[in-house]
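Working through the structure, step by step
So you can see what is in the structure, the chains are spelled out below.
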Amino acid sequence: MKRTIDFCQKNLALVLLVTAGAIFSATTANFFTLTNILNILNQNAYTIIAMCGVALIMIGGDLDMSVGYHMSICGVLCAMMLTRTAIPVPVVVALTVLLSVAAATLTTFLTELLAIPRIFVTIGEATLFQGCAYVITNSKTISNLPAAFKNIAQGALGHPSLTYATLIMAVFVAAMSFTLSHTYFGRHVFSMGGNLTAARLAGINTRRMKYIIGILVGFFLGVAAVILIGRTGAAAANTAAGVEINILTGILLGGVSIRGGEGKISNCVAGILLVALISNGMQLAGWNPYYQYIAKGVIMLCALGFDMFQMRRRSVMNNQRKEEIVKTAAREG
Amino acid sequence: MPILEVANITKRYPGVTALDDVSMSFERGEIHALMGENGAGKSTLVKIIAGAESADDGEVIVGGKAFRGMTPLDAKRAGISVIYQELNLAPSLSVAENLFIGKRVGNSRVRPDFGEMNRRAAEVLRELGSNVKPETLVFELSASQQQLVEIGKALVDNCKVLIMDEPSAAIAVAEVENMFRVVRQMRDRGVAVIYISHRIDEVFELCGRVSILRDGQYIATERTEGLSRRGLIRHMVGRELSETFPRRAARVGEAALEAVGLTGNGDFNINLTVRRGEVLGLAGLVGAGRAEFAKMVCGDVRPASGELRVNGRVRRFGSVADALAEGVGLIPEDRKREGLFMDFAIDWNIPSMSFKRLSRFGIVSQKKAEALTDRYVDALRIKTPSTRQAARNLSGGNQQKVVVARTLAAEADILIFDEPTRGIDVGSKQEIYSLMNGLAESGSAIIMITSDMEELLGMSDRVAVMYEGRVTGELTRGEFSQQRALELASGYTA
């Protein structure tokens, strides 16, 4: 029993996701079908890919609030290159990802230059990117993207709903999961989130690590932008606006601490899907979009509360353990 | 009648009984030491007396008035002031503003009368025998001057009981005497000073009585006159300890690390050599540039000029990793902030400097990491039921051993120990000393930065003293004396 509770608390997002899934399956006829599940994954592939980057940042002890507009401007630039130039599709995709990496590297550079937390730099950048995106698109949506490009996200393999987008996401999730838990790079990321000064004095080149993390984030956000506009077939200045809140909520529900140093990618995926299911449920129920904002805000605050609760719970358990340890040590002399 | 009594105080935290039926009393005009190993319950008792925590049972009696569930405001009104280790000052405000923070000075409800404030502050400072000006901003003050401002705050509050939590830990040796003087002055004014310290010598020098806690239980109150060091230690650890500084049978060999004209990070032209098998003590005031020197040697900060020779060869370290590769490792001063990953397990902390070395194609071998952990947990006798425990759960002494273990696990053999025994209990101190001896005997070179005079003279083969970023003198074993080291540390070189 104790172990079950422990498991539920550690994997809250997964448990809630399964519960929500079960409720939908019981109440909706077509929910628990392969096609529907694959559709949900397809719709959320881009958020989950972006999440891989954001989770990396958060585990390393930073926060990024520019995700939505970062992806939007990448999407817009990509769409413009596709529709207004003759650059071949694969080159456009590569350029988009490169631009995204460049933007994220700029963020890291500014963070290091000003010696302030990434969150503040990215709050500034979000507005900057937003403005740029509106200026270059003249507030118009760019559509009519070439079929070859849309195929990158929409093409399917084996099952009509098993899209490339989903497959790419699965590969990234597996790679990130492995990297974080098994490589020294992953351990160094956790170390930085756990205690940045101690990490530096332990011989981890924290400055270089921050640049590497920034490059990876840029990569994931660039790919996510390509997948997003490939799936919808259009790009606008506000295409991905506000997506960072969904991602942040999903990651927090997935058990990554806002203070960094802990977290598991698989739980973050569950967290993102949970947020997606809830929004989807609200849409299906025909809620006024403004109420949806209210609900999302409440869920986000609950996720923060959950993070706090986890910390408190740990400190109580720590006290109990500490007494045991001190007693044992005293007995052994 | 005692000014302050605690009667049958019991305090339980989830899973821990921090204080178990503790009673003791404190008199007007005495300096009363409160001692005990880490986790003995000293800080919990202080928190209860200050009203920051409420006891589950028992009462606090101040000046004959009994309190149950005292609030911080009750405590303040009753005349209890606490000076915690982390000082509670606003750094960008002036000394006077800090002294009268939260108080109305002058007649206006809106704007304090700054002239009046400065006059009254000057009075308080004069009473404390300080020449600090009331207009000085607090961040410009040294650690001990800041402490003095805290004492001044207590004076302004007209305190009857002054509790000081390890006041000598944060300030330099030469400044300790000055602090003692002020504390004695408070005593002479009739204040009951409760003095918490790990340093046995200063307790004997300063305090009239000493009360000892162990594992949340009250053990004894003794007059320091007529009490032996041995007796005190026995009360604290519950058993006899062998001599404080174990002997070392190390052969001093070749120079392992030489700093030649090393300049940068606030230090100027440092020339120091440490040999294999040797412990070089580095003394000086806080802010004398010792930690800054350590940061340059361990690769964290690049020197502006001068050179470092490791095993006779000139080396330039671009990062801590570079220094580690040459066997130079720092055991930082503040283990919680700079050394440990508090929420991570021991089997993460110990290999944390070695993950790269423990991996192939970037993949860390968990098996090797665990083997490395087990080896050092055994070798350093780190007491824990499992290596899966978070570092936070260990006692201070064991945490310190984990920090040492991770540097040793990274195969460092030129070691800089920065304040290796700060805030850890007597038993653990001894183990750290034996460990350092063992390392020296096996050919490691050790630089030990310490503000603990006993430790400096007891452990070092040679002592170098720093003052304002310069080395002001070196003493060999024959020339050691507290007096001489203090003179050099205050810039007196004649």
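Just so we're clear, the structure is a prediction, and the values are computed from it rather than from any experiment.

1. Regarding the sheet that holds strand β15 (residues 313-315) of chain B
Residue and element names in this part refer to chain B. Spatially, β12-β11-β14-β15 is the arrangement adopted by the four strands of the open sheet, whose pairing is antiparallel. Where the open sheet ends on each side, the last strands, each with one partner, are β12 (267-275) and β15. With direction set aside, neighbouring strand axes in the sheet form an average angle of 20 degrees. Inspection of the sheet shows strand β14 (residues 305-310) paired to β15 by three bridges, in the antiparallel sense. Within β15, the residue paired with L308 across the bridge is R315. Here helix α9 (residues 290-297) sits on the sheet in contact with β11 (255-264), β12 and β14, set at roughly 115 degrees to β11.

2. Some remarks on the confidence of the model for chain B
Per-residue confidence for chain B gives a mean pLDDT of 87; residues scoring 70 or more make up 96%. Listed scores for the predicted complex are pTM 0.79 and ipTM 0.82.

3. Some words on the packing of helix α5 (residues 89-114) of chain A against helix α6 (residues 118-137) of chain A
Residue and element names in this part refer to chain A. Contact pair α5 / α6: the axes reach a minimum separation of 9 Å and the direction vectors enclose 135 degrees. With respect to each other, α5 and α6 are oriented oblique. Crossing angle aside, the handedness with which α5 passes α6 is right-handed. Residues A103, A104, L106, T107, T108, L110 and T111 of α5 pack against R118, V121, T122, E125 and F129 of α6. Looking at the contact of α5 with α6 residue by residue, the class counts come to six nonpolar, four polar and two charged.

4. So, the pairing of strand β3 (residues 31-35) of chain B
Residue and element names in this part refer to chain B. The element β3 is largely enclosed, with a buried count of five among its five residues. Side-chain alternation along β3 places I31, A33 and M35 on one buried face and H32 and L34 on a second face that is also buried. Where β3 meets strand β8 (residues 192-196), four bridges bridge the pair, whose relative direction is parallel. Bridging across to β8, I31 finds its partner in V193. The pairing of β3 with strand β9 (residues 209-214) spans four bridges and is parallel. Counted as the bridge partner of L34 is S211 from β9.

5. Focus: α5 of chain A
Residue and element names in this part refer to chain A. Taking 1.5 Å of rise per residue, 26 residues should cover 38 Å, and α5 covers 37 Å from first to last C-alpha, within 8% of that figure. Elements that come into contact with the buried residues of α5 comprise α4 (67-84), α6, α7 (147-154) and α11 (206-232). Just downstream of α5 lies A115, where phi reads positive at about 55 degrees.

6. So, the environment of T387 of chain B
Relative to the elements of secondary structure, T387 of chain B occurs in the loop between α13 (366-379) and α14 (396-409). Between the alpha carbons of T387 of chain B and L280 of chain B there is a distance of 33 Å; along the sequence they are 107 residues apart.

7. Some words on the pairing of β9 of chain B
Residues and elements named next belong to chain B. With five of its six residues buried, β9 lies for the most part within the structure. With six bridges connecting them, β9 and strand β10 (residues 217-223) associate as antiparallel partners. In the sheet register, R209 faces β10, and the bridge partner there is R223. Here β9 hands over to β10 after two residues, with D215 in that stretch at a positive phi of 50 degrees.

8. Remarks on the sheet that holds β8 of chain B
Residue and element names in this part refer to chain B. Taken in spatial order, the six strands line up as β6-β7-β8-β3-β9-β10 in an open sheet, and their pairing is mixed. Whereas interior strands pair on both sides, the edge strands pair on one side only; in this sheet they are β6 (80-83) and β10. Averaged over all neighbouring strand pairs, the angle between strand axes comes to 20 degrees, with direction disregarded. Sheet analysis places β6 next to strand β7 (residues 161-165), joined by four bridges and oriented parallel. Bridged to S81 within β7 is L162. On top of the sheet, helix α8 (residues 229-237) reaches β3, β9 and β10; it is set at about 30 degrees to β9, its chief contact.

9. Remarks on the side chain of T10 of chain B
Residue position: T10 of chain B is located in strand β1 (residues 4-13). Discounting residues that sit within four places of it in the chain, T10 of chain B has contacts with L19, D20, D21, A55, D56 and D57 of chain B.

10. A few points about the layout of surface pockets
Counted as a void, the second largest pocket has a volume near 1,600 Å³. Along its surface, the second largest pocket is lined by 45 residues, and G261, E262 and R314 of chain A together with D343 and F344 of chain B are the ones closest to its centre. Breaking the lining of the second largest pocket down by element, the ones donating at least two residues are α1 (2-10), α8 (164-182), α9 (184-194), α13 (265-284) and α14 (289-332) of chain A together with α12 (346-349) of chain B. Looking at which element gives the most residues to the lining of the second largest pocket, the answer is α14 of chain A, with eight residues. Considering only residue class, the lining of the second largest pocket consists of 12 nonpolar, 19 polar and 14 charged.

Reading the values: rules and limits
Residues numbered from 1 in each chain as written. Chains lettered and ligands numbered in written order. Predicted model: local features only at pLDDT ≥ 70, side-chain atom pairs only at ≥ 80, totals over all residues. Heavy atoms only, no water. Pairing = 2+ DSSP bridges. Helix = DSSP H or I, 4+ residues; strand = E, 2+ residues; numbered from the N terminus. Axes fitted to C-alpha atoms, helices over the stretch in contact; angles between N-to-C directions. Contact = heavy atoms within 4.5 Å. pLDDT = per-residue confidence, 0-100. Parallel < 35°, antiparallel > 145°, perpendicular 65-115°, else oblique. Left-handed = near helix turned anticlockwise from the far one by under 90°. Nonpolar A, V, L, I, M, F, W, Y, C, P; charged D, E, K, R; others polar. Buried < 20%, exposed > 50% of the residue type's maximum accessible area, 1.4 Å probe, protein only. Expected span 1.5 Å × (residues − 1). 1 Å grid on protein atoms, 1.4 Å probe; cavity = no way out; pocket = protein on both sides within 12 Å on 5 of 7 lines; lining within 4 Å. Points joined across faces, edges and corners; volume = space filled by probe spheres on them.

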